[in-house]
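Here's the letter readout for the chains.
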Protein chains: 2
Amino acid sequence: MTEPLRLGIAGLGTVGAGVVKIVRQKAQLLADRSGRHVEISAVAARNRDKDRGVSLSDYAWEDDAVALATRDDIDVFVELMGGSDGPAKAATEAALNAGKDVVTANKALLAYHGQSLAELAETKGAVLRFEAAVAGGIPIIKALTEGLAGNDILRVMGVMNGTCNYILTRMEEAGLTYQQAFEEADSLGFLEADPELDVGGIDAGHKLALLASIAYGTQVNFEAVELEGIGRVTIEDIRQAGDMGFRIKLLGVSRMTGRGLEQTMAPCLVPATSPLGQLSGGTNMVVVEGDQVGQIVMRGAGAGEGPTASAVMGDILDIARGTRLSTFGQPATSLKPCTPARATTSAPYYLRMSLLDKPGALARVATVLGEAGISINRMRQYRHDENTAPVLIVTHKTTRAALDDAISALPATGVVSGEPVVLRIEQV
Amino acid sequence: MTEPLRLGIAGLGTVGAGVVKIVRQKAQLLADRSGRHVEISAVAARNRDKDRGVSLSDYAWEDDAVALATRDDIDVFVELMGGSDGPAKAATEAALNAGKDVVTANKALLAYHGQSLAELAETKGAVLRFEAAVAGGIPIIKALTEGLAGNDILRVMGVMNGTCNYILTRMEEAGLTYQQAFEEADSLGFLEADPELDVGGIDAGHKLALLASIAYGTQVNFEAVELEGIGRVTIEDIRQAGDMGFRIKLLGVSRMTGRGLEQTMAPCLVPATSPLGQLSGGTNMVVVEGDQVGQIVMRGAGAGEGPTASAVMGDILDIARGTRLSTFGQPATSLKPCTPARATTSAPYYLRMSLLDKPGALARVATVLGEAGISINRMRQYRHDENTAPVLIVTHKTTRAALDDAISALPATGVVSGEPVVLRIEQV
């Protein structure tokens, strides 16, 4: 057996503590599988005195992650601090500059700086891996980068924010309003300090952008993800979708088109009988479609100590075994700049709007849609509640651009109150 | 870019032709992702003149797979012939002896000779990989060997024979008898030349044994798989299971217990709402449960040109990238001999038997079960059809051993006709 692989772990929250526990408790298993002993040399976190449920006395302590990252006695810098900038970025750069391999669970860091960090890693002959950054314990980065590497990837889809899926599931199953379900998730500690990272789709958008880079060989471009949160989804939307055989999910979709890369993260309707539609609670699912393999579905816990630590350990064991992979599946300098395309792949859409109680109101809405070239598949108007009545429309396949044209023409009709809710029906 | 990686492909059936097409059509993609050009030097098959829908004129031809395997101008021997012995085994051994890496889709070869071949590969410094041998396009070998390597694996389950799942799905959805569904599958070309490989669970058992070796660090032991085919499942069983909220699947289950390794491949009842229960048609699914990651579910096409070729290419690209992994996830010489344990993990069971029209018949059966310590959850007797009446029993959790005791005592009651059908209800 060769020299031990020595880790420096920065960040000792839930995931960091989980990694420490695995390294301590599974020493023999890890050595059997990787051919090397995996050891921890040093750790760093903000608060040295906090009880993390695991002994740290065998390891050197650093208050400063950068100091940890550059220690002579570590081979792999394990970055579990989080944050797209600040100490996480500084320490990751310091580690790579010192020729250390880096394993990170930090999706935000890579969504913003993945390209430059991957280039730095390659310049220094280091590897930078991030399985734990996307979909928790599901080994999707590995599947996409390696297992499915013989495919042209056609589409990548995912429900990758367990908190949003929890909120939507609770609305559906317990009849809670969005606000009630949000507050329940908050009270259970499911929400990020800035909840918009979850419910605004930002966190899931980071993950989608990372998957797209690997899938299509393009530089990560999070800014180009069309983001829409779940805050405007109502319980009525969920019920109506259910009546039509659909469920609403915060769904990320990326596909490469002739015009460029489409990336959307938005609440969508998916068939209730599809794997995505059957997903409940905090579970994540990623669907990859390749020209050879067809559709591959992977499902598992998207967060939590064990699942995330499992993903971190997968990357560490790859390094212990001598596997040297490019961060995004091919040399960073060969990744093509991402040409973002407004998502214009045509799809059926679900629309909900409030119609004022005026004669001919429904006809005017139908006319506006018709003039934008949008064909209506189903339309239902419900009884008036005070001055407005909800109208639900399912269109035949159309483009988001045509819909936006129609929606921008709606105020001039004088019969629509407020902004319509527009949800794509994703064919899965 | 380093030297090209040169392939020798033996076996040009559906999968072999698929691999050739990918290498020809995706040369740039493969080079971008792996850092090496992937080329074909030579091919071998039984019939040189057959039109395989792809040009082979650029490649040297060998009639003999052993001759192909040892050519100086190949780096990787790609074995797509099939068969547990004969030319596939001879050529694989020849390639490994010559220090060539081997990629194979041959589950039977590895189920019987995996241990000796893996040891040979290691002795010669070669790698032997087999992603395509299990669950077609699903990158489950990679997930289990690498992505989940930080876990103690608790249970591996899988629906891994698409033909059986097709037959059971057709019985359920179209109300066909087993024989009708079998004949339909046969007419569609879904069955192996020896159909018992499919419907007897042998093919799926090979796959289960390979997964167990990786999961538990034990030498492959296919002989220890408790096999039961789907031939005795009737449409009544499927309907009764459905009424109780279950579906019947040919399910492989392996788990390590204190007594040894349990491996069963048998028709089981699984909850209709579980991912396994929702699987229809020829699709495969593998479920892995780890102590850290929880439950990971992977679903995809289990056979066919594209999916299987995708898996073969994944292994080839790993080799092109310089990834060197042990066949079963750790050095073959460190794999523990498999101590097989009769599956005695307790579970609820579904029983169907034919009761003779005699007074007190049901009471006698219930007494026999009670004397074997088996507690009855539900019991239904249907009206007599000529001389016998079907009786369906769902037990509380019990062991297969207790059930077998009870069943062996049934003939003495003189009220049971024929052999009961016994199906485990798997908790998933």
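- The name given to chain A in an unreviewed UniProt entry is Homoserine dehydrogenase, with the source organism recorded as Allosediminivita pacifica.
- In the Sequence similarities (unreviewed entry) part of its UniProt record, chain A is described as follows: "Belongs to the homoserine dehydrogenase family."

1. What about the nonpolar core?
In step 1: In this structure, A:V134, A:I140, B:V134 and B:I140 are the most contacted members of the largest nonpolar core, which totals 170 residues.
In step 2: Contact partners of B:V134, with chain neighbours within four places excluded, come to B:I140, B:I141, B:M160, B:K207, B:L210 and B:L211.

2. Digging into the interface of chain A and chain B
In step 1: On the chain B side, the residues contacting the 48 residues of chain A number 48 residues.
In step 2: Buried area between chain A and chain B, summed over both chains or domains, comes out near 3,900 Å², and the portion from carbon and sulfur atoms is 49%.
In step 3: Contact with chain B buries area across many residues of chain A, yet A:R33, A:Q292 and A:R299 alone supply 16% of it, more than any other trio.
In step 4: Where chain A touches chain B, the interface holds 6 salt bridges.
In step 5: The partner of B:K26 in a salt bridge is A:D291, and the shortest N-O contact between them spans 2.3 Å.
In step 6: Remark: the boundary between chain A and chain B carries 20 residue pairs in polar contact (both at pLDDT 80 or more).
In step 7: Elements that contribute at least two residues to the side of chain A that touches chain B include exactly helix 2 (27–34), helix 6 (140–147), helix 10 (202–216), strand 12 (294–301) and helix 12 (305–321) of chain A.
In step 8: Take the side of chain A that touches chain B: its biggest share by element is 8 residues, from helix 12 of chain A.
In step 9: Its residues placed into classes, the side of chain A that touches chain B shows 22 nonpolar, 15 polar and 11 charged.

3. Section: the sheet that holds strand 1 (residues 5–10) of chain A
Residues and elements named next belong to chain A.
In step 1: Pairing is parallel in the open sheet, where 6 strands are placed in the order 3-2-1-4-5-6. Edge strands, defined here as strands with exactly one partner in the open sheet, are strand 3 (60–62) and strand 6 (128–129).
In step 2: Direction of pairing for strand 2 (residues 38–44) relative to strand 3: parallel, over a ladder of 3 bridges. Within strand 3, the residue paired with A44 across the bridge is E62.
In step 3: Along the sheet face, helix 1 (residues 14–25) touches strand 1 and strand 2 and points at about 150° away from the line of strand 2.

4. A short note on the relation of the copies chain A and chain B
Each copy of the chain is related to the other by a rotation around an axis and a translation along that axis.
In step 1: The two copies are related by a screw motion: chain A maps onto chain B through a turn of 180° and a shift of 0.0 Å along the axis, at an RMSD of 0.0 Å. Taken together, the rotation and translation describe the operation of a two-fold axis.
In step 2: Interface residue correspondence from chain A to chain B reaches 100%, placing this contact among same-surface, isologous pairings.

5. Concerning the pattern of salt bridges
All names here are of chain B.
In step 1: Summed over the entire model, instances satisfying the criterion amount to 54 salt bridges over all chains.
In step 2: Of the charged contacts in the structure, one is a salt bridge between E172 and R247, with a shortest N-O distance of 3.0 Å. In this pair, E172 sits in helix 7 (residues 162–174) while R247 sits in strand 9 (residues 246–257), placing the two residues 75 residues apart along the sequence.
In step 3: Residue E426 pairs with R424 through a salt bridge whose shortest N-O separation is 2.8 Å.
In step 4: The exposure class assigned to R424 is buried, which follows from its relative accessible area of 11%.

6. Re the UniProt feature "binding site: NADP(+)" (unreviewed entry) in chain A
Residues and elements named next belong to chain A.
In step 1: In this structure's numbering, the residues bearing the UniProt feature "binding site: NADP(+)" (unreviewed entry) are A10, G11, L12, G13, T14, V15, G16 and A17.
In step 2: Here L12 is to be found in the loop between strand 1 and helix 1.
In step 3: Judged by its relative accessible area of 5%, L12 falls in the buried class.
In step 4: Ignoring any residue separated from it by four or fewer positions in sequence, one finds L12 in contact with A17, V20, V43, A44, A45, R52, L56 and W61.
In step 5: On the secondary structure map, T14 appears in helix 1.
In step 6: By relative accessible area, which is 52% here, T14 ends up exposed.

7. Quick notes on the sheet that holds strand 4 (residues 76–79) of chain B
All names here are of chain B.
In step 1: Pairing is parallel across the open sheet formed by 6 strands, whose spatial order is 3-2-1-4-5-6. Each of the sheet's edge strands pairs with one partner strand only, and the pair in question is strand 3 (60–62) and strand 6 (128–129).
In step 2: Lying over the sheet, helix 12 (residues 305–321) contacts strand 1 (5–10), strand 2 (38–44), strand 4, strand 5 (101–104) and strand 6, oriented at roughly 160° with respect to strand 5.

8. Here we look at helix 13 (residues 361–371) of chain A
Residues and elements named next belong to chain A.
In step 1: When we look at burial in helix 13, the residues that qualify are A361, V365, V368 and L369. Axial view of helix 13: buried residues confined to an arc of 100°, hence all on one face.
In step 2: Contact partners of the buried residues in helix 13: strand 13 (349–356), strand 14 (376–381), strand 15 (388–395), helix 14 (400–409) and strand 16 (416–425).
In step 3: Where helix 13 ends, the next residue or the one after it, G373, has phi of about 80°, a positive value.

9. Looking at the packing of aromatic side chains
Each aromatic ring pair is summarised here by two numbers: the centre-to-centre distance and the angle between the ring planes.
Residues and elements named next belong to chain B.
In step 1: The full count for this structure, using the stated rule, is 8 aromatic pairs over all chains.
In step 2: For the pair Y166 and F190, a centre-to-centre distance of 5.0 Å together with 85° between the ring planes defines the contact as edge-to-face. Of the two residues, Y166 is situated in helix 7 and F190 in the loop between helix 8 (178–187) and helix 9 (196–199); the sequence distance between them amounts to 24 residues.
In step 3: Assessed through its relative accessible area of 16%, Y166 is described here as buried.

10. Points about the side chain of B:N165
Residue and element names in this part refer to chain B.
In step 1: Checked against the element boundaries, N165 lands in helix 7.
In step 2: Given a relative accessible area of 1%, N165 falls into the buried group.
In step 3: Excluding residues that lie within four positions of it along the chain, N165 makes contacts with V159, K249, L279, S280, G281 and T283.

Cut-offs applied
- Residues numbered from 1 in each chain as written.
- Chains lettered and ligands numbered in written order.
- Predicted model: local features only at pLDDT ≥ 70, side-chain atom pairs only at ≥ 80, totals over all residues.
- Heavy atoms only, no water.
- UniProt positions renumbered as here; feature names shortened; annotations may be inferred.
- Core = buried A, V, L, I, M, F, W, Y, C linked by side-chain atoms within 4.5 Å.
- Buried < 20%, exposed > 50% of the residue type's maximum accessible area, 1.4 Å probe, protein only.
- Contact = heavy atoms within 4.5 Å.
- Buried area = accessible area lost by both parts, 1.4 Å probe.
- Salt bridge = Lys/Arg side-chain N within 4 Å of Asp/Glu carboxyl O.
- Polar contact = N/O pair within 3.5 Å; in protein donor to acceptor, adjacent residues only side chain to side chain.
- Helix = DSSP H or I, 4+ residues; strand = E, 2+ residues; numbered from the N terminus.
- Nonpolar A, V, L, I, M, F, W, Y, C, P; charged D, E, K, R; others polar.
- Pairing = 2+ DSSP bridges.
- Axes fitted to C-alpha atoms, helices over the stretch in contact; angles between N-to-C directions.
- Least-squares fit on C-alpha atoms with pLDDT ≥ 70 in both.
- Arc of directions from axis to C-beta.
- Phe/Tyr/Trp six-rings, centres within 6.5 Å; stacked < 30°, edge-to-face > 60°.

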